[in-house]
Every structure is written in C-alpha cells, then in structure tokens.
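Now for the letters of each chain:
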Amino acid sequence: MAEYTPMMKQYLEIKEKNNDSILLFRLGDFYETFFEDAKKVSEILQIVLTKRNNHPMAGIPYHALDNYLKKLLDNGLKVAICDQVEDPSEAKGIVKREVTRVITPGTIIEENMLDENNRFSILVDYDEKDEEFLIVLFDFSTGELYIDRFDISQNELLDMIISNNYSQVLLSFKLRYLKNEIKTLSSKIYTEVLEEWYFSSNYEEHIKESYDILTLGHLPFDQEELKSLDAVLKYLELTQFKKIKHLNIPKKLKSKEFMYIDINTLNNLNIVSNENRGKSVYDILRKTKTPMGHRKLKDFLSRPLIDEKQINQRLDLVEVFFENNFLSEEIKEYLSSIKDIDRIISRISLLKSTPKDLIALKDSLTQVPYIKEALETNEKTQGFFSNVNIRTDLKQKIEKHIFDEPSNEPGDGKVIKKGISKELDEYRSLITDIDTFLENIQKREKEKTGITTLKLGRNKIYGFYIEISKAQSKEVPDEYIRKQTLTNTERFITEELRELEKKVIIAEEKVKKIEKTIFLNFIKDLSDSVKDLKTISEKISYLDVIRSFAEISKTNRYTRPYFVKGNKAKIESSRHPVVEKFVDNFTQNDFEIEDKNFIVLTGPNMSGKSTYLRQIGILSILAQAGCFVPAKKAHIPLYDRVFTRIGAKDDIVTGKSTFLVEMMEMSTILNQATERSLVLLDEVGRGTSTLDGISVAWAISEYLFQILKSNTIFATHYTELTMLSEIYDNVITKRVQVKETKEGVLFLHKIENGVSDNSYGIEVARLAGFPSEIVDRAKEVLENLSDKVDLENRLKKMRNINRKKYKTPQGQLKMF
Ligand SMILES: Nc1ncnc2c1ncn2[C@@H]1O[C@H](COP(=O)(O)OP(=O)(O)OP(=O)(O)O)[C@@H](O)[C@H]1O
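Residues numbered from 1 in each chain as written. Predicted model: local features only at pLDDT ≥ 70, side-chain atom pairs only at ≥ 80, totals over all residues. Heavy atoms only, no water.

The name given to the protein chain in an unreviewed UniProt entry is DNA mismatch repair protein MutS, and the organism recorded there is Geotoga petraea. According to the UniProt record, the Sequence similarities (unreviewed entry) comment for the protein chain reads "Belongs to the DNA mismatch repair MutS family." The heading Function (unreviewed entry) in the UniProt record of the protein chain holds the text "This protein is involved in the repair of mismatches in DNA. It is possible that it carries out the mismatch recognition step. This protein has a weak ATPase activity." (UniProt positions renumbered as here; feature names shortened; annotations may be inferred.)

### Description of the sheet that holds strand β21 (residues 633–637)
One open sheet accounts for 4 strands, arranged β17-β21-β18-β19; its pairing is mixed. With partners counted over all chains shown, the strands left at the sheet margins are β17 (562–564) and β19 (589–593), one partner each. When the angles between neighbouring strand axes are averaged without regard to direction, this sheet yields 25 degrees. As paired strands, strand β18 (residues 569–574) and β19 are joined by 4 bridges and run antiparallel to one another. Looking at the pairing, K570 lines up with E592 of β19. (Pairing = 2+ DSSP bridges. Helix = DSSP H or I, 4+ residues; strand = E, 2+ residues; numbered from the N terminus. Axes fitted to C-alpha atoms, helices over the stretch in contact; angles between N-to-C directions.)

### As for the packing of aromatic side chains
In total, this model carries 21 aromatic pairs according to the counting rule given. For the pair F120 and Y146, a centre-to-centre distance of 6.1 Å together with 50 degrees between the ring planes defines the contact as tilted. Here F120 is found in the loop between β6 (97–103) and β7 (121–127), whereas its partner Y146 is found in strand β9 (residues 145–150), with 26 residues between them in sequence. Here the two residues F120 and Y146 agree in accessibility, since each one is buried. Look at F591 and Y612: their rings are 6.5 Å apart centre to centre, the planes differ by 55 degrees, and that puts the pair in the tilted class. Taken together, the residues span a long stretch of sequence, with F591 in strand β19 and Y612 in helix α19 (residues 609–625) at a distance of 21 residues. Judged on exposure class, the residue F591 and its partner Y612 are both buried. Following the ring pairs from residue to residue traces out a cluster consisting of Y4, Y11, F25, F34 and F35. Sitting over the face of the ring of Y465, R491 holds its NZ or CZ atom 3.8 Å from the ring centroid. For the cation-ring pair, K539 lies above F384, with the distance from its terminal atom to the ring centre recorded as 4.4 Å. (Phe/Tyr/Trp six-rings, centres within 6.5 Å; stacked < 30°, edge-to-face > 60°. Buried < 20%, exposed > 50% of the residue type's maximum accessible area, 1.4 Å probe, protein only. Lys NZ or Arg CZ within 6 Å of the ring centre and 35° of its normal.)

### Let's talk about the site of the ligand
By nearness alone, 15 residues border the ligand, and T587, M606, K609, S610 and T611 come closest of all. Take K609: an N or O atom from its side chain is 2.7 Å from an oxygen atom of the ligand. Summarising the interface, the protein chains cover 78% of the accessible area of the ligand, which totals 640 Å² for the free molecule. Here the element with the most residues in the shell around the ligand is α19; it accounts for 3 residues. (Near = heavy atom within 4 Å. Polar contact = N/O pair within 3.5 Å; in protein donor to acceptor, adjacent residues only side chain to side chain. Areas by Shrake-Rupley, 256 points an atom, 1.4 Å probe, with all protein chains shown as cover.)

### What to know about the sheet that holds β9
Read from one edge of the open sheet, 6 strands run β11-β10-β7-β8-β9-β12, paired in mixed fashion. Strands with a single pairing partner mark the edges of an open sheet, and in this sheet they are β11 (190–194) and β12 (251–252). Pairing between strand β10 (residues 168–172) and β11: 5 bridges, direction parallel. Bridging across to β11, S172 finds its partner in L194.

### Topic: the pairing of strand β8 (residues 132–138)
Here β8 lies mainly inside the structure; 7 of its 7 residues are buried. With 7 bridges connecting them, β7 and β8 associate as antiparallel partners. Each residue of the ladder has a partner; that of L123, found in β8, is V136. If you look at the hairpin formed by β7 and β8, you'll find 4 residues sitting between the two strands, and E131 has a positive phi there, around 50 degrees.

### Topic: the pattern of salt bridges
By the definition in use, this model includes 56 salt bridges. Between D125 and K174 there is a salt bridge, with its nearest N and O atoms 3.5 Å apart. Of this pair, D125 sits in strand β7 while K174 sits in the loop between β10 and α5 (178–185), and the two are 49 residues apart along the sequence. The shortest N-O distance in the salt bridge between D393 and R391 comes to 3.0 Å. For D393, a relative accessible area of 38% translates into the label partly exposed. The exposure class of R391 is buried, given its relative accessible area of 12%. Connected through salt bridges with shared partners, the residues D127, D130, E132, R149, D222, E225 and K252 form a single ionic network. (Salt bridge = Lys/Arg side-chain N within 4 Å of Asp/Glu carboxyl O.)

Right under this line is the structure:
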C-alpha cells in the first residue's frame, strides 16, 4: 500500500522546498499543518493535534489566519503560506497549490497585526577592507529604508541589535557565527543568514528596476552598500514572490543633514518611548493625529537637523500654527480622519490590500483638498501642496467602484458597486432576487397544496428545501422528493427548486470570480499611483508633526529658539519638558556659556543635577528638530551631536561591568565629539574607587576642553574636580542651591555659580525612610572618616597639579 495519498505527496514536495518554514497548506476552509509542523503549531496555538492516515495534523480556519500567524511569528517562526492557485471546480486531478508568500516577523503587512510604530528590520554585512559593519534598516510595512556603515566592535553591534528591538535580523554569510550569539542574548529576535549569492556584484540593474530609476549615480552609496541593499531587495522578493516596488529610496542613517543621536543618548534623554523609562519626550509631544505623523514625530526627534536654514523653515511653519489657532484646529480636524496611508500603499503595491483599505484611502484622500484649501488662506502656508498631485481622481475612482462599507474580502458581491460590470450585476441580481423568488414559490405552493405549515428555506450544506410539519407531510404532492427528516418536520425538494439551486450556485461562483478579478485589476491599476500617494503621505505626516509642535508649544508655553554662531549659549528659564509635568513647582533654570564652556556641576543627590543636564540636551534636540523649546528665551549653538554619559548600567550583552561600560561609552565620546558638540556627563568615574574615578574624570575633562572644545556639563559628586576651574580658564563651576533648615535639607533645584560643599547623601537616606538609628550611625561614621585636613591637602595638591597640555587629537581610541 502506498504510504501517502497524492495530495500528501504534493504537500511533501512543497514542504521540502520550504524546509525552514512552518508550511500552512490550504485545504478547503482550513490551513493544515502536518508532521513536526503540526506538533509545533498545536503546542504554540493550543489547538487540537489530530491524525490523518496516522500522520499528525493540526489546522486553523483560513479566515482566522492573521490571529494565529501573529502568535507563530512571535515565537520566532517563519511561515510559508501555501494556497490553491487554481479553481478547485476547474482542476483536473489535484488542485494546483503553491507557496504564495513567506512571512517572517519583519515582513508583516496585515493591518491587524501591526500597531502604529515602525517595525524596522536590520541587515548586517561586514566590509573587510574598511573593517566596518554595513547596515541596512528597513521597515517593510511602510517602505522606509536606511543604509550606513558603522565602525564599531562586534559587541557594540550586538548591543545595538538587542537594544533596538528590531523585528528581524538578516546576517550576511560572513557573519553567520553571530546567529547563535544573538539567539542566546535574545531568544525572541528572529535571525536568518543570507547566503553569498544574495550579495552579488550584479546589483545595478536589479536596484534600478526595483526603484524604477535610470541610474544609481545620484545615490550616495558605494558598491558594498548597494550590494547590501540588493540583498534586502532579493530577500523580500523571495518571501513575497513579487517584485518589490514600494520601498523608499534609501537614505543614509548618519547623513550630514542630520544630527546623529546614538541609542545611549536617545535612551538617556528618554527622547522616544521606552517601556521601562516612564513618559518620554515623544509621549509629551505626541499631538500628532495620523499614524504616519506619529512615526514621523519619532523620526524628527531622533534625527534632528543640522542645517540652520532647514530648521528655520520648520520653525517658521510651526510659528504660523502657533500664532493661528483657528487654522491649527481646523487642520487638526481634517488630519484626524486620515488613516495609515503608508501601509495601505505597501499593501496596494504588494497586491495584498483589502476593500477596507481602499475605503480608508478614499476617506483619507477626501481630507487632502480641505487641508490644501485651508492652508491656502495663509500666505506662509499657501504653497505647501503646490507641485503635489493630490489625486482627487483616485478618490472618485474608489467612490465609483467600491461600496462604502464593503466586506473584508471581494467575492460575495458586496465590494464592487453596481454599474461596473454588467455580467457581475446580472449574476448578483439573480442572487439577490432569490429571496423574492422563493417567497413567490412558497406562496404558490401553499395555495396549491393547502399545506399551511409549508415553508421554503435554504441551508448551506443541503441547499434549497420545502419544509413541512410531520403531521402534514403525508399531504405532499407526488412531485415532492423527500430530502431530509428532522424531529418535527420533513424536508422536500422539487425539480424546479433543483434548477433554481443550480442557477444560484453558478451565479455565486461567477460573482466570486468576477468580483475578485475586478478588485485585483483595480488594485493593479492603483499600484501605478504609489509614487503620488507616497508624496501625499509624506506631506501629510510632515504637516502633522509641525502642527503638533505648534500645539504643544502653545499649551506648554514653549518659545522659538534662535541659533547663534560659535559656542555661546544663553537660555533663560528653561524647563525639562517631561519632569515639569510630574512635579508641582518646577524650578526654571538658566544656562549660559560665554567664554567658559566646560561646566562642573556639583550638588547633593536628588538636587536636580541630572534633570538640568538632560533638559539642556533635550532643549537642543527639540530646537534642531524644529520645535519650540521649554524656556523663556533660547539662543543656542547648532550642535553637530549631543553626547551623553549618564547613569549606570551593566552590559546585558557581554556581561561587562558598570565601569567598563561607562569607560567604553566615554571612549566613544572622546573619539567622536567635536567643538560643535554638546557633551553631557553625569558622574563619570563613579563606578570605581574614588581616587581612580577622580583621576580618570580629571584627565577626560582636560582632554575635552583642551582638544575637543565641546560645550560640556559634567555633573559630579567629586568636589575635587571643581579645582579644574582654578587651573584652567575654560572651566566654570556651578552648583545646585540647597537650604538647610531645622527639619532637614531643602532642595531648591536652582542652579547658581559656585561649588557645593556637601553631598548630603545621608540626608537622602533619611528622606528615603531609613530608620533614624541607621541615619545617626552613618553620621557618626562620616564624622570619623571625613578628615578635613586630608581633604584640604588633597585640594591643595590638585591645585598644584601640573597643567596638562594635550597636543593633538589622539588617534582613534580603538574600542573593544
Ligand atoms: N528644576 C526642578 N524643579 C522641581 N523639581 C525638580 C527639578 N529638578 C529635579 N527635580 C526633582 O528632583 C528629583 C531628582 O532630580 P535629579 O535626578 O535631577 O537629581 P540629581 O541631583 O541628579 O540626583 P543624583 O545625584 O542622586 O543622581 C527629580 O525626579 C524631580 O522630581
């Protein structure tokens, strides 16, 4: 006896070609899995594991696919969808089946499987010649794409991969060995290795074709970078079984146009949402109304501009809405009903969009002319949509073709409107008229037979029937054929009904086919408009962010920042945009840099040093993103980068100590900061013995203000560092005001010139609720330990320490 049926053989053949995936095999209304796949799937999805010819089998209803898919992907699996690719009614023998799509966590496009956030995936390759990692970041669902090179160590790369929470990682064959390491560090991240052929030298034609461009000359990428891009395109094509046309032209991640903010700084300043860090700057600023706007806001905040003209263009627009509340509110209203156009575009381009997508697109496009018209009432915004085709034609086309409330899938006659296809209309009316037909027949038969309980009905499985109560069933005419017996009734059929049933079945099949074809052609047609739609979406998201900046600036009393040449800065009454929301009376602080641009900031624990330091960083990022800033006045330099070294964390990736991590981060800053950078250091050197810590901090400081000349705030508990100001001209000391009262110490959070003379650590312990006995004992120990004479001697020594004169910037301090 043959072991497998012909269909199982078909399954096995397809499975063999998709061995790395769970194969979902379409069988009727189910996607079935077999053998090991079935065991895995039934365990993950908690569904019944059955048997077919003794082989394990588990199935999921096709209409619930999305819910189950998400779970499979979340469990790090790759899923191949195998569909019937011919009409079963027309198939000779086994219905032809093919894998139509392979889905991985990074290639999801289904609306109900995505939230508003970006889903970036990362491809990593290694350039041996330059000893750099090549990175492509892409969000398949929106089409965003970035390429760049990173001169970082392998551990830093791993850290970057883990801490950025990418949807999936593609490793070039050269980095195959990292796959296990990534798996060990985070079992959740889906990782695949791309073999050598993905990275071929014949990339040019393929890229040109994908982007529909004639030359690659204008792209700022070298051969190796383009090869990596091509590998991504190939990978996506192989998973989608389609040409990929919806990706954006790649941009450089660290482009000279943008301030590059590393992930540490983004986290330290809590710029964008991070589950573990409470409210972020993004959360406070998020008055955007569209999903594209939310994502664009994150992008603006994590990649502020460098060019003053471009920043001022944004600020000018913000100012318009800031001053014109009516216009702002009106635009807000229009924006509120705009849907996620980016993702609809992606689905259109992949021919995967649903009827509801089209209605969402239509509703969105309906708003655009209103927005355009409203913007035209103000001379500063009137040109906003000039040169943009706002595609009212598409809106009309959708309106003409698609029902306002269509079903989820074409095929039941409730998607394509009347008047589009005569054939469809005819078959559809046959189906819709059937109820009237049946009613007429019922009436006629009742009168003819005199059977009062006679009813006509339709059942999905048994088809049409005449139902008569058991008591009256003996009175039926001869032409009634018995079909089914139920408890209290009998069901019959007649030749006439059979004929009618046949007609309806044919009509339903026709409607299904015709409507699906019309819909698919409609989407194919729409896919030619992807470029225009992308432009509209880009404009909308930009406007959304600008308007949101204005609204938040107005409600939170922000002010327009101005940029000055050189390093000088003068900020009056600045606030921390997030902390001010959570404390009753936020103390405003000034920040001024004249000729001394290295600030040593001292103050007790909990006095507000970190808050101050962070708010100065955030303020510059906001300003360069094009937003007003939380201050009364802000005249600030344009920074090329903002660096931070704040807080203590152990390295989750390689188990490095707090101090080592701290030194590695510091080393990055020393390598990369320039005289146009802002450097924010919070307690650097703390992770080791006091003397080592002070010495390292001292040397770092000298290097920073002598060679790098960056504007720097260095918050520290090491009072010794304040001596720098006595030795060097560019150093100034600031402290946080503290008031000692009978009840204890009062933190005023006010920054002033000078040196803090006490760190009040024990006071903080008392505030934290330590038992008074322990607090008293600590004071006693402190009394004995703090040898004032010794400290004064130390300070004297510091004062006399020979001045270090660093000569030239050091060569690259190579990291681990
Ligand atoms: N300007 C301010 N106005 C009002 N409250 C503030 C201000 N700055 C800080 N605070 C409050 O003080 C708390 C502690 O501030 P912060 O963390 O900045 O102190 P710190 O001096 O850096 O402490 P440590 O040295 O222990 O790190 C904040 O969480 C906030 O509640």
